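# Reading the structure
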Amino acid sequence: MVKLKIFCYLALYRKRSMADHPKEGNRFRAPDFTQLIDMASESVGGKILFATDDFFAPAENLIKSDPPIFKEHEYTEFGKWMDGWETRRKRTPGHDWCIIKLGIQGIIRGFDVDISYFLGNYAPRMSIQAANLEEDKLPEIPQRGIRTGAAAKPEEFEAIDELKSNGWNYLVPMAELKAREPGSSHNYFSISSQQRWTHIRLNIFPDGGIARLRVYGTGQKDWIATDPKETSDLAAIAYGGVCVGFSNAHFGHPNNMIGVGKAKSMADGWETARRLDRPPILENDENGILLIPGCEWAVFRLAHPGVITQIEVDTKYFKGNSPDNCKLDGCILTTQEEEDMIKEKWNLPAHKWKPLLPVTKLFPNQSHLFDSLTLELQDVITHARFTIAPDGGVSRLRLNGFPSSICLLRSREKPMMRFSVKPGFKANL
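Residue numbers here run from 1 along each chain, matching the order of that chain's written sequence. Totals for whole chains, interfaces and linings use all residues, but because this is a predicted model, local features are given only for residues with pLDDT of at least 70 and pairs of side-chain atoms are given and counted only at 80 or more. Hydrogen atoms and water are omitted, and side-chain values are computed over all heavy atoms in the structure.

All right, on to the overall build of the protein then. Secondary structure summary: the protein contains four helices and 22 strands in total. Contacts were defined at the residue level, with two residues in contact if any of their heavy atoms lie within 4.5 Å. Of all intrachain contacts in the protein linking residues separated by at least 6 positions in sequence, the fraction that spans at least 24 positions is 82%. Elements are defined by DSSP. Helices are runs of H or I of four residues or more, strands are runs of E of two residues or more, and each kind is numbered from the N terminus.

Let us look at the packing of aromatic side chains. Here a Phe, Tyr or Trp ring, Trp counted by its six-membered ring, pairs with any other such ring whose centre lies within 6.5 Å, and the pair is stacked when the planes are under 30 degrees apart, edge-to-face when over 60, and tilted otherwise. According to the stated counting rule, one finds nine aromatic pairs in the structure shown. Seen from their ring centres, tryptophan 223 and tyrosine 239 are 5.9 Å apart, and the 80° between their planes marks the pair as edge-to-face. Here the residue tryptophan 223 occupies a position in the loop between β12 (212-219) and β13 (232-233), and tyrosine 239 occupies one in the loop between β13 and β14 (242-246), the gap between them amounting to 16 residues. In this structure an aromatic cluster arises from ring pairing among Phe33, Tyr188 and Tyr216. Sitting over the ring of tryptophan 97, arginine 201 keeps its end group 3.7 Å from the ring centre. Above the plane of the ring of tryptophan 223 lies lysine 221, whose end atom (NZ or CZ) is 5.7 Å from the centre. In our convention, an over-ring charge means Lys NZ or Arg CZ found within 6 Å of a ring centre and within 35 degrees of that ring's normal.

Each residue's exposure class comes from its accessible area (1.4 Å probe, protein chains only) as a fraction of the maximum for that residue type: buried when under 20%, exposed when over 50%, partly exposed otherwise. By the burial criterion, the buried members of helix α3 (residues 335-343) are Thr335, Glu338 and Met341. End-on, the buried residues of α3 take up no more than an arc of 120°, which puts them together on one face. Where α3 ends, the next residue or the one after it, lysine 345, has phi of about 55°, a positive value. The directions considered for the arc are those from the helix axis to the C-beta atoms.

Let us now look at the side chain of aspartate 54. Considering the arrangement of structural elements, one finds aspartate 54 in the loop between β2 (47-51) and β3 (75-76). Judged by its relative accessible area of 0%, aspartate 54 is buried. The contact partners of aspartate 54, leaving out residues within four places of it in the chain, are Ala59, Trp85, Glu86, Arg144, Arg147, Thr148, Gly149 and Ala150.

Before going further, it helps to examine the pairing of strand β19 (residues 367-371). Burial analysis of β19 places five of its five residues in the buried class, the great majority of the element. Burial of the side chains of β19 extends over both faces: Ser367, Leu369 and Asp371 are buried on one face and His368 and Phe370 on the other. Criterion used throughout: strands pair if DSSP finds at least two bridges between them. Sheet topology places strand β16 (residues 296-314) next to β19; five bridges connect them, and they run antiparallel. Counted as the bridge partner of glutamate 312 is leucine 369 from β19.

What follows concerns the pattern of salt bridges. Here, a salt bridge means any Lys or Arg side-chain nitrogen found within 4 Å of an Asp or Glu carboxyl oxygen. Across all of its chains, the model carries 20 salt bridges by this definition. Aspartate 83 is the salt-bridge partner of lysine 64, the closest N and O atoms lying 3.1 Å from each other. Here lysine 64, found in the loop between β2 and β3, pairs with aspartate 83, found in the loop between β4 (79-80) and β5 (85-86); they are 19 residues apart in sequence, far enough to count as distant. A single network of salt bridges, built from pairs that share partners, joins Asp54, Glu60, Arg144, Arg147 and Glu156.

Here the focus is the nonpolar core. Of all hydrophobic cores here, the largest spans 63 residues; its most connected members are Ile108, Phe111, Met126, Ile200, Leu213 and Phe386. In this view, phenylalanine 111 contacts Phe33, Ile128, Leu171, Val172, Asn187, Tyr188, Phe189, Ile191, Ile200, Leu213, Arg214 and Val215; residues no more than four positions away in its chain are not counted. Nonpolar cores are built from buried Ala, Val, Leu, Ile, Met, Phe, Trp, Tyr and Cys residues. Side-chain atoms within 4.5 Å join them into one set.

Assignment of secondary structure puts glutamate 135 in the loop between β7 (125-131) and α2 (154-160). On the basis of relative accessibility, which here comes to 48%, the residue glutamate 135 falls in the partly exposed class. When the C-alpha atoms of glutamate 135 and threonine 198 are compared, they prove to be 9.1 Å apart, with 63 residues separating the residues in sequence. Polar contacts, as counted here, are pairs of nitrogen or oxygen atoms within 3.5 Å of one another; within protein the pair requires one atom able to donate a hydrogen and one able to accept it, and residues that are adjacent in sequence qualify only if both atoms are side-chain atoms. In this structure the side chain of glutamate 135 is engaged in a polar contact, spanning 3.2 Å, whose partner is the side chain of lysine 101.

Mean pLDDT over the protein works out to 88, with 88% of the residues at or above the 70 mark. Across residues 2-7 the pLDDT falls below 50, and counting only partners more than four positions away or on other chains, this stretch makes six contacts in the model. Below a pLDDT of 50 lies the segment residues 12-27, which in the model reaches 44 contacts outside its immediate sequence neighbourhood of four places, other chains included. A residue's pLDDT is the confidence the predictor assigns to it, expressed on a 0 to 100 scale.

Quick look at the pairing of β2 now. Along β2, four of the five residues are buried, which leaves the element largely enclosed by surrounding structure. By the bridge criterion, four bridges tie β2 to strand β6 (residues 96-114) in an arrangement that is antiparallel. Bridging across to β6, alanine 51 finds its partner in cysteine 98.

Here it is as structure tokens:
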């Protein structure tokens, strides 16, 4: 019976890729897919592998996480300084192109080809191709180094030719780019492909400049290849986890908590506004937990249904504004139930949620590691609700465990119902 129930939820999860597909956008208004993660950004590990030419400005600018800027009187020895990728005016046959390795590999939902500030020198046309390449089969590609003023060398062409990128799938056929406002010239392209992609090739025809290339989508992990002896972060945005509801995100979105790697600053975490209902004078209970009304919360859809066995809550950088305490609950929801909950602002009946972490004291600028209250490896969930009180910021939330297909292969263990916290910390038992 347990196997049948889990199988049904796995089938529902496979349908989510279609259910999640954003509405078709147009070029003049930011479509829904721009709310997804930029899979090519340098901030998540995106990397330029090759570019035919970087004369005026290197292709690495394409994947900067910050918006492009313009410096009116800034020049280099090669010409006008531009915050984007700009090639020389081509005087030989062919066209320019570059190859980007995605930092987050998965399903691409749309592109933003931004030509802001390139009003007199942007590429008039472009196309985008994509491939799903195995990491251990990639050729050795020369390091790019400092590229301004340079063009690709014969040995770089020889190495990159092994990827046979000319034959990659077209996600965007050749299309014209349109310039509008100097600082806001976005060209949006929706994608309907449900395949997993690891690399893209941006072609410009024949030459010119592009400020930024945003590749919006959702991560996708190869769960079949997962080692059954190792836990995975089931909420990781790189694997397909996503925040589907929250109470407050005044200074930072909850999706930041499930981001790639360690947080870089407070801006790279979830931070709420100070609650206005906090009492004039604060008091603790016997366990050191603040006696204070109100809380803030965020709900996450896991990248894969599974069992959470360990929880990491990191408040790094939040030194004067970390929460006093937190708790975590989980539940199983179908696609329709999730949609209904979003409309109801996640007013989910209490009996639906099962506790994974009770109300637990947190400390500023620290990493906290806890064992989940999961009783056995058949306690599968699809969604997790992280609650902090009364308010504040958290840099990272890691929900480590086993995807449900692997749980069925493992013995019915019963993890200790205590918290294992890193040395120097106390847990509220």
